[in-house]
Amino acid sequence: MLKLISNAGLVLALTFGGAVAPASFALAQDVQFRIGPDGVRIYDRDRYDPYRDDYRRGCSPREAQMAARDSGLRRPEVVRVTRRSVTVQGWTRYGPDRIVFANRRGCPEIG
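Please read these numbers as outputs of a predicted model, since none were measured by experiment.

A. The sheet that holds strand S4 (residues 85-92), seen in detail. In spatial order, the strands read S3-S4-S5; together these 3 strands make up an open sheet with antiparallel pairing. Since the sheet does not close on itself, it has two edges, and those belong to strand S3 (74-81) and strand S5 (95-102), each with one partner. Going across the sheet, the axis of each strand differs from the next one's by a mean of 25°, ignoring polarity. The sheet contacts of helix H2 (residues 61-70) involve S3, S4 and S5, and relative to S3 the element is tilted by about 140°.

See below:
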């Protein structure tokens, strides 16, 4: 009788252990261990990372220059950066011109 109970317990342990193990592996896919000069660190992809593109705020001057160049401005130069806008001046085939971009992600053109 004792052997039957221990065998049943072993079967239950293996069954539940097999069901729980894949779930724990699925949850651990977003966590990495990184080895570097400061030792072993845990890296969680879901954590805030200020250097990732989707978290970056504002329109950098370089992004504004590239957007102005894509809009047809030659030799674009950032002349003013405020909290709300980034102003870029350059040349078109008709003469000097300027484009104003909103100072937020994606650099939408204001006018």
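B. Molecular detail of the environment of Val31. Inspection of the secondary structure puts Val31 in strand S1 (residues 31-36). In this structure, the C-alpha to C-alpha distance between Val31 and Tyr43, residues 12 residues apart in sequence, is 5.7 Å.

C. Inspection of the pairing of S5 at higher detail. The pairing of S4 with S5 spans 8 bridges and is classified as antiparallel. Across the sheet, the residue bridging to Thr87 is Val100, located in S5. The turn linking S4 back onto S5 is made up of 2 residues.

D. Here's a closer look at the state of the cysteines. Applying the stated criterion across every chain yields a total of 1 disulfide. Disulfide pairing is shown between Cys59 and Cys107; the S-S distance is 1.8 Å. Torsion about the S-S bond of the Cys59 and Cys107 cystine: about 100°, corresponding to right-handed handedness. Here Cys107 lies in the segment after S5 and Cys59 lies in the loop between strand S2 (39-44) and H2, a separation of 48 residues in the sequence.

E. Main features of the environment of Arg57. Relative to the helices and strands, Arg57 is located in the loop between S2 and H2. Through-space distance from the C-alpha of Arg57 to that of Arg104 is 6.1 Å; in sequence the pair is 47 residues apart.

Reading the values: the criteria
- Residues numbered from 1 in each chain as written.
- Predicted model: local features only at pLDDT ≥ 70, side-chain atom pairs only at ≥ 80, totals over all residues.
- Heavy atoms only, no water.
- Pairing = 2+ DSSP bridges.
- Helix = DSSP H or I, 4+ residues; strand = E, 2+ residues; numbered from the N terminus.
- Axes fitted to C-alpha atoms, helices over the stretch in contact; angles between N-to-C directions.
- Contact = heavy atoms within 4.5 Å.
- Disulfide = S-S within 2.5 Å.

On their own, these measurements won't tell you what the molecule is for.
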